[in-house]
Amino acid sequence: MVTISAIKADVGGFVGHGAVHPRLIGEAERRIGEAIAQGLLLDGRVSSCGDDVNMVMTHHHGVDADVVHHFAWDAFVAMTAIAKELHLYGAGQDLLAEAFSGNVRGAGPGVAEMEIAERVSEPFVVFAADKCAPGAWNLPLYKMFCDPFNTAGLVIDSKMHAGFVIEVHDLIDRRRALFHCPEQMYDLLVYIGTPGRFVVKHVFRRDDPDQPVASSSTSRLSLIAGRYVGKDDPIMIVRAQNGLPAVGEVLEPFAAPYYVAGWMRGSHNGPLMPCGLQDATPARFDGPPRVVGMGFQLADGCLVGPRDMLGDVSFDRARGIALEMADHMRRTGPFEPSRLPAQDMEYTTMPAVARAMEGRWEPIPDTAPIVATP
Ligand code: F6R
Ligand code: MG
Ligand code: MG
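If you're wondering where the values come from, they're calculated on a predicted model, not measured in any experiment. (Residues numbered from 1 in each chain as written. Chains lettered and ligands numbered in written order. Predicted model: local features only at pLDDT ≥ 70, side-chain atom pairs only at ≥ 80, totals over all residues.)

1. Things to note about the overall build of the protein chain
Now for step 1: In terms of helices and strands, the protein chain carries 10 helices and 15 strands.
Now for step 2: For the protein chain, the C-alpha radius of gyration of 22 Å lies close to 21 Å, the compact-globule estimate for 374 residues.
Now for step 3: Expressed as lengths along the three principal axes of its C-alpha atoms, the size of the protein chain is roughly 85 × 55 × 40 Å.
Now for step 4: Within the protein chain, the fraction of its 374 residues that count as buried is 47%. (Helix = DSSP H or I, 4+ residues; strand = E, 2+ residues; numbered from the N terminus. Rg over C-alpha atoms; globule rule 2.2 N^0.38 Å. Buried ≥ 20, exposed ≤ 12 C-beta atoms within 10 Å, placed from the backbone.)

2. Some words on the UniProt feature "binding site: dihydroxyacetone phosphate" (unreviewed entry) in the protein chain
Now for step 1: According to UniProt, the feature "binding site: dihydroxyacetone phosphate" (unreviewed entry) maps to H17, K131, R265 and D286 in the numbering used here. Judged by maximum C-alpha separation, these annotated positions cover 270 residues in sequence but sit close together in space, the widest gap being only 10.0 Å.
Now for step 2: Tracing the chain through its elements places K131 in the loop between β5 (122-130) and α3 (138-146).
Now for step 3: Assignment of secondary structure puts R265 in helix α8 (residues 263-266).
Now for step 4: Residue classification places R265 among the partly exposed positions, given that 18 C-beta atoms sit within 10 Å.
Now for step 5: Once residues lying within four places of it in the same chain are set aside, the contact partners of R265 are E346 and Y347. (UniProt positions renumbered as here; feature names shortened; annotations may be inferred. Contact = placed C-beta atoms within 7 Å.)

3. Here's the deal with the packing of helix α1 (residues 22-37) against helix α2 (residues 66-85)
The angle between the axes and the distance between the axes are what describe a pair of packed helices.
Now for step 1: Interhelical geometry of α1 versus α2 gives an angle of 150° and a closest axis separation of 9 Å. Judged by the sense of rotation from one axis to the other, the crossing of α1 with α2 is right-handed. Taking contact as the criterion, the partners of R23, L24, E27, A28, R31 and A35 in α1 are, on α2, F71, A75, A78, M79, I82 and A83.
Now for step 2: When the residues that make up the contact of α1 with α2 are grouped by side-chain class, the tally is nine nonpolar, no polar and three charged. (Axes fitted to C-alpha atoms, helices over the stretch in contact; angles between N-to-C directions. Left-handed = near helix turned anticlockwise from the far one by under 90°. Nonpolar A, V, L, I, M, F, W, Y, C, P; charged D, E, K, R; others polar.)

4. Notes on α1
Now for step 1: Between the first and last C-alpha of α1 there are 23 Å, a value that for 16 residues agrees with the 22 Å anticipated at 1.5 Å per step.
Now for step 2: When we look at burial in α1, the residues that qualify are L24, E27, A28, R31, I32 and A35. Burial along α1 is one-sided: seen end-on, the buried residues are contained in an arc of 130°. Seen from the buried face of α1, the exposed residues on the opposite side, beyond 90 degrees, are P22, G33 and A37.
Now for step 3: In this structure, the buried residues of α1 make contact with β2 (43-49), β3 (52-59) and α2.
Now for step 4: Backbone geometry just after α1 places G39 at a positive phi near 90°. (Expected span 1.5 Å × (residues − 1). Arc of directions from axis to C-beta.)

5. A short note on unusual backbone geometry
Now for step 1: Between G305 and the following residue, P306, the backbone shows a cis peptide bond with an omega angle of 10°.
Now for step 2: Checked against the element boundaries, P306 lands in strand β15 (residues 302-308).
Now for step 3: In the segment running from E336 into P337, the intervening peptide bond is cis, with an omega of 5°.
Now for step 4: Within the secondary structure, P337 sits in the loop between α9 (316-331) and α10 (350-357).
Now for step 5: Located in the positive-phi region is D64, a residue other than glycine, with phi close to 60°.
Now for step 6: With respect to the helices and strands, the residue D64 is situated in the loop between β3 and α2.
Now for step 7: Phi at N242 takes a positive value of approximately 50°, unusual for a residue other than glycine.
Now for step 8: As for its placement among the helices and strands, N242 is situated in the loop between β10 (235-239) and α7 (247-251).
Now for step 9: A residue is classified by how many C-beta atoms lie within 10 Å of it, and N242, with 14 of them, is partly exposed.

6. Some words on the UniProt feature "binding site: Mg(2+) 1" (unreviewed entry) in the protein chain
Now for step 1: Taking the UniProt record as the reference, the feature "binding site: Mg(2+) 1" (unreviewed entry) is found at D10, H17, D51 and Q93. Of the residues just listed, which span 84 residues, no C-alpha pair is farther apart than 10.6 Å, and they cluster in one region.
Now for step 2: Mapping D10 onto the fold places it in the loop between β1 (2-9) and α1.
Now for step 3: Of note, D51 is situated in the loop between β2 and β3.

7. Some thoughts on the environment of P212
Now for step 1: Its location among the elements puts P212 in strand β9 (residues 208-216).
Now for step 2: C-beta crowding within 10 Å serves as the criterion here: with 25 such atoms nearby, P212 is assigned to the buried category.
Now for step 3: Measuring from C-alpha to C-alpha, the distance between P212 and K201 comes to 9.7 Å, with 11 residues separating the pair along the chain.
Now for step 4: If we ignore the near neighbours within four places in the chain, the residues touching P212 are M114, H202, V203 and F204.

8. Quick look at the sheet that holds β2
Now for step 1: Here we have four strands laid out as an open sheet, ordered β2-β3-β1-β4, and antiparallel in their pairing. On the outer flanks of this sheet lie β2 and β4 (110-116), each paired with one strand and no other. Averaged over all adjacent pairs, the angle separating strand axes in this sheet is 10°, with direction ignored.
Now for step 2: Two strands pair when backbone bridges link them, and β2 and β3 are joined in this way by seven bridges, in the antiparallel orientation. From the neighbouring strand, C49 faces β3, where its bridge partner is D52.
Now for step 3: Lying over the sheet, α1 contacts β2 and β3, oriented at roughly 165° with respect to β2.
Now for step 4: In this fold α2 packs onto β1 and β3, with an angle of close to 150° to the strand it touches most, β3. (Pairing = 2+ DSSP bridges.)

What follows is the structure, encoded as structure tokens:
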């Protein structure tokens, strides 16, 4: 068995919240090299999306392993020290715990992991997004694993025809449920259409419920900290081919950009724009939100790749559409649906404004009913 761990955190932005400084990437790569030499990791790669550092690692320690999470935590702490030295913006913003306590889950960094029996050929894609929220993967995961208009294999590949099992987490009440699709697709949609609360955590094959075929991060930083401390930009791992969605079916949902919550100040909706790794540098109004896709083949636990999947020219039109959608949203500025509903905003001046308004509101007088005269 081999475990794939994709762990990400924002430990300081360059410039503002827009990108990661190359020295942080260099530090993470150096530490991964050491960990491979020491036998802790089989392999690892470092990339960034916006102000988030993404580490994709393989090892034999299983999911939620102390040693691997501790390694990632220490790497983020070391990157924070560099971020502080360079006075980068928001240095250490996602490291919420005072000290590492066994697991980075709930401590701030986002984690997607899966332990699998490596197939003869094991293609998978790690997606990472910025200016976003964890439920941002609900729509593409639904399309990949439940929608025959996206995934032809659901209809014409006998190895996929039975469908998939979708595990959904409720981030507010901390509970989970399984949905067997296609039979329970409508029930599933009732929940995952509210991506701020219900998020797809894992997807399984129906005949092999022990090994996830997709795994996403689900943390919601504002809920962990009880206050706004940075956007919970998500990461996910999706396996492909041979009884699973083809690589092209895994990528297809990103050809039709959709709106996600998390643009400017975590308080605006914006189009999720697919882009190449070099272009994952949000700028306009701190965005628009970005998604990158890193394609890998596993070779005895080692990573062959990444290939920059969403940088391909076939996503050029999607980028143009996303930019048009961004124009539409920007036109309505501080009004919904550009601005999020009040309860979902990460920043608000409402309590202070409401206090200042005290005494200035007065009841609306009852108006006399309008009686039609004969
Ligand atoms: C959104 C995001 C940015 C910041 C914005 C203000 O997720 O990260 O849009 O919210 O740049 O940042 P501060 O309050 O740090 O000045
Ligand atoms: Mg940041
Ligand atoms: Mg970010």
